[in-house]
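An overview of the molecular structure
As a plain string of letters, each chain reads:
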Amino acid sequence: MAAIPVLAAAVVARRRQRRAKDAPAAQRRGRVVGVAASPPVMEPPTAAARVEAEAKPNKGYFPHRPTPLLDSLGDEGTHGLKAFSVEQLKEVAEEVRWQVLDAVSVTGGHLGAGLGVVELTVALHAVYDTPRDEIVWDVAHQCQPHKVLTGRRSDIYTLRQGGGLAGFAKRKESDYDAFGAGHSTTSISAAVGFETARNRLGKEGHSIAVIGDGAITGGMAWEAMNHAGGMRSKVLVILNDNGQVSLPTFYNKVTQPVGALSETLASTSVHDGRGMRMQDSLARLETSEGFQRGREFLKSASKSLLPEQLSSAAAKIDEYTRDFVKTVPFTGSGKGSRGELFEQLGFYYVGPIDGNNLETLVEVLANIKREHEEGLINKPVFLHIKTKKGHGYEPAQEASDKLHAVKPKFNMPKPPPNVEEAPQATGPPPLTKVFAESLVKEAEADDKIVAITAAMPGGTGIGIFEKRFGPERTFDVGIAEQHAVTFAGGLAAGGLKPFC
C-alpha cells in the first residue's frame, strides 16, 4: 500500500508534463513575448520528478571546466549577454563550445557546423533583441550553441533523445526558435515573411536568416533572394561559408566540392590571416555610419547634378569600386568575394569576413542593425562570413568531414586492436543498405541505371552505388531536391533509368 501514493504522484507528474509539452513555449514560461513574466509559482518536486531529474544526464565525456559566465546567465535567456564586454563574450563563446562538445559526447549527432558558428551565435544574441528579433537557422543542425544560450542549457544533454530537445530548431520548444526547419533552404523565405508581417502590423524589430553548411545550393534560397531584393525587404541574410557550400565535400571517389557555387565561393580562406584581416577592416568601413552617409550624399548629388543616364552609371561605380577593392589589390583577401552576384539581386553585400572573429562580428552586426533602423540602408543585406567547420576542436578541424556528425563517446579512445570487445547483438541490415545493394545489383545488369542524391549519399545509400560505379553514373546535386526530381524526369525522358 505504501507504493500507491508514489504511483499516484508519478501519474500526476506525467499528466503535467504532457500538458506542458502541448502548451505553447511562451505559456509554459508564464508570459507572452514582449511582456514581463509573472513570478513562477514554485511547487515541491514530486517523487517521480525527483527520479526523472536524477536520471537526466548532466555531464559528458570531456574534462570538466568552469563556466562562470554561462552559469550567470542560467536558463533565463540571452538578455544578460548585452551587459558583457567583447572580451567577456569571447569567454562565453569558449564556454558554449565546451558545453556543446560535452553534450554531444553523450547524445551523438551533428557537431562540426555548430562548433563553427559559436562566435556568430554569441554575437547575434548580444547585438539583436532576441526573441523579438527572429533568427532562422538553416541548416538547423547548426543551432546547438543557440540552444545552450536560449534557456535550454539544463536540458542540453537530452539532445535527440526521447522526450528531450530536438536536434533542429523547433517552435514548440522555445520562443527563440522562430521557425522550425531541418533540411533545408527555407530560412530566407521565412525571414522575408517575418519582416513583411512586422511592417504590415507596424511592429519594430529585425529578421535574420543564417544559411550555410550546404543550404545555399537549394533553389528556394535564390527564389527568396530574388523576391527580397525586388521588394527591398530589410532582412539580413548571413551566409555561413564553412568550405562546405554543398554537402558532402568529399566521399568515395568525389574529391571536389559539388557544384559551381562551391568553386565560386572557395577562393577566400580563413586560413589566410592577412587577407581576412583586410576584409574585416573593409567590412567595418563599409558598414560604418560615416561611410553610409557619404554614399547617400554622393547619390543625392549625382541625381541632382547629373543627367539620368550618368546618375545611373555613378550608382554602378559605387558597386563596382567596392567589388574591385575587395578582389584585386590584396592577394588572397577577397578572391571569394562575390559582391556583384548578390548586389544584382538587390542586396547590399558585405564581406567575406572572419566568422570566428567575435570582435569583428559584433561591430559589423551592430552597424547593420543601426543602419537598417535609421534608414541608411533601405534594402536587404547579405553578410558573407567565412568560418572553420569544427572551429576550436582540433580533431574536428583535421577530420576530412570536419566531424559533421558523430556517435556518442566520439572523443573516447578506442580499445587497442588486441583487446576483444563484447559481441554486439546483430539484427536485420538497415533498409538503406538493402536498397543500395539491390540497386547496385540491378545496375550491374543495366548500364542505363543512374542514381541521384541531394547531398545525402550516406543517408540514402547512394554512396554505396557511387563507390561501385563512380561519379559517371552518380549525381550529387547538393541540397536541391526540387532540381533533383525534375533532373531525374529529364534523364528518364532522355532514355536513362534514374533512381532519386
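None of these values were measured; they are calculated from a predicted model. (Residues numbered from 1 in each chain as written. Predicted model: local features only at pLDDT ≥ 70, side-chain atom pairs only at ≥ 80, totals over all residues. Heavy atoms only, no water.)

In terms of regular secondary structure, the protein chain is built from 21 helices and 10 strands. Out of the 500 residues belonging to the protein chain, those deemed buried represent 47%. Long-range pairs, those at least 24 residues apart, make up 75% of the contacts in the protein chain between residues at least 6 apart in sequence. (Helix = DSSP H or I, 4+ residues; strand = E, 2+ residues; numbered from the N terminus. Buried < 20%, exposed > 50% of the residue type's maximum accessible area, 1.4 Å probe, protein only. Contact = heavy atoms within 4.5 Å.)

One pass over the structure, following the stated rule, counts 19 salt bridges. Notably, a salt bridge pairs R198 with E134, separated by 2.7 Å at the nearest N-O pair. Here R198 is found in helix 9 (residues 187–201), whereas its partner E134 is found in strand 2 (residues 134–138), with 64 residues between them in sequence. The residues R198 and E134 share a single accessibility class, namely buried. Ionic pairing is found between R152 and D177, a salt bridge with its closest N-O pair at 2.9 Å. Placement of R152 in the loop between helix 8 (144–149) and helix 9 and of D177 in the loop between helix 8 and helix 9 is noted, with a sequence separation of 25 residues between them. (Salt bridge = Lys/Arg side-chain N within 4 Å of Asp/Glu carboxyl O.)

Now for the sheet that holds strand 9 (residues 474–476). Within the open sheet, the three strands sit side by side as 9-8-10. Their pairing is parallel. The two strands at the open ends of the sheet, each matched to only one other strand, are strand 9 and strand 10 (497–499). Between one strand and the next, the sheet's axes are offset by a mean angle of 25°, whatever the strand orientation. With three bridges connecting them, strand 8 (residues 449–453) and strand 9 associate as parallel partners. Its bridge partner lying in strand 9, T453 is registered against D476. Relative to strand 8, helix 21 (residues 481–493) is tilted by about 170°, and along the sheet it contacts strand 8, strand 9 and strand 10. (Pairing = 2+ DSSP bridges. Axes fitted to C-alpha atoms, helices over the stretch in contact; angles between N-to-C directions.)

So, on to the pairing of strand 3 (residues 207–212). Looking down a regular strand, the side chains alternate between one sheet face and the other. The element strand 3 is extensively covered by neighbouring structure, given that six of its six residues are classed as buried. Along strand 3, one buried face is formed by S207, A209 and I211 and the opposite face, lined by I208, V210 and G212, is buried too. Pairing geometry for strand 2 and strand 3, over five bridges, is parallel. Counterpart to D138 in the pairing with strand 3 is I211. Bridging between strand 3 and strand 4 (residues 236–241) involves five bridges; their strand directions are parallel. Looking at strand 4, one finds that A209 is bridged to V237. With respect to chirality, the unit in which strand 3 leads through helix 10 (residues 219–231) into the neighbouring parallel strand 4 is right-handed. (Right-handed = clockwise from strand over helix to strand, strands pointing away.)

So, about the packing of aromatic side chains. This model, assessed by the stated rule, comprises 11 aromatic pairs. Taking the centre distance of 6.4 Å and the plane angle of 90° together, the rings of F179 and F194 count as edge-to-face. Placement of the pair is F179 in the loop between helix 8 and helix 9 and F194 in helix 9, with a sequence separation of 15 residues. Between F342 and Y349, the ring centres sit 5.9 Å apart and the planes meet at 5°, which makes this aromatic pair stacked. (Phe/Tyr/Trp six-rings, centres within 6.5 Å; stacked < 30°, edge-to-face > 60°.)

Right, let's get into the confidence of the model for the protein chain. The predicted coordinates ought not to be read in detail in places where the model reports low pLDDT. Residues with a pLDDT of 70 or more make up 72% of the protein chain, whose mean pLDDT is 80. At the level of individual helices and strands, the protein chain shows its lowest average pLDDT in helix 2 (residues 25–28), which scores 40, and its highest in helix 7 (residues 118–127), which scores 98. Within the model, pLDDT remains below 50 along residues 49–54, and this stretch shows two contacts once partners closer than five positions in the same chain are excluded. Across residues 328–336, where pLDDT falls below 50, the model places 27 contacts with residues more than four positions away in sequence or in other chains. (pLDDT = per-residue confidence, 0-100.)

Here the focus is the packing of helix 5 (residues 86–107) against helix 7. Two numbers describe how helix 5 lies on helix 7: the axes approach to 9 Å, and their chain directions differ by 130°. In terms of orientation, helix 5 and helix 7 fall into the oblique class. Helix 7 is crossed by helix 5, and the crossing has right-handed handedness. Of the residues in helix 7, those touching helix 5 at L89, V92, A93, E94, V96 and R97 are V118, E119, V122 and A126. Of the residues that constitute the contact of helix 5 with helix 7, the class distribution is seven nonpolar, no polar and three charged. (Parallel < 35°, antiparallel > 145°, perpendicular 65-115°, else oblique. Left-handed = near helix turned anticlockwise from the far one by under 90°. Nonpolar A, V, L, I, M, F, W, Y, C, P; charged D, E, K, R; others polar.)

All right, on to the sheet that holds strand 6 (residues 381–386) then. In space, the five strands of this open sheet follow the order 2-3-4-6-5, with parallel pairing throughout. In the strand order of this sheet, the two ends are held by strand 2 and strand 5 (348–354), each with one partner. Sheet twist, expressed as the mean angle between neighbouring strand axes with direction ignored, is 15°. This element, helix 9, spans strand 2, strand 3 and strand 4 of the sheet and lies at about 175° to strand 3.

The next point concerns the pairing of strand 4. Among the six residues that make up strand 4, six are buried, leaving the element largely enclosed by the rest of the structure. Residues L236, I238 and N240 point to one face of strand 4 and V237, L239 and D241 to the other, with burial holding for every one of them. Bridge count between strand 4 and strand 6: six bridges; the pairing is parallel. Paired with L239 across the strands is H384, a residue of strand 6.

Here the focus is the packing of helix 9 against helix 10. Here helix 9 crosses helix 10 at 30°, and the two axes come no closer than 8 Å. When the axes of helix 9 and helix 10 are compared, the pair comes out roughly parallel. Residues I188, S189, V192 and T196 of helix 9 form the contact with helix 10, whose own contacting residues are M220, A221, A224, M225, H227, A228 and M231. Its residues assigned to classes, the contact of helix 9 with helix 10 comprises eight nonpolar, three polar and no charged.

Bringing the side chain of R473 into the picture now. Along the polypeptide, R473 turns up in the loop between helix 20 (462–469) and strand 9. Among buried charged residues, R473 stands out as having no salt bridge; its nearest opposite-charge side chain is D446, 6.1 Å away. At 3.0 Å, the side chain of R473 forms a polar contact with the backbone oxygen of D446. Contact partners of R473, with chain neighbours within four places excluded, come to A443, D446, D447, K448, I449, V450, A451 and F465. (Lys, Arg positive; Asp, Glu negative; His and termini not counted. Polar contact = N/O pair within 3.5 Å; in protein donor to acceptor, adjacent residues only side chain to side chain.)

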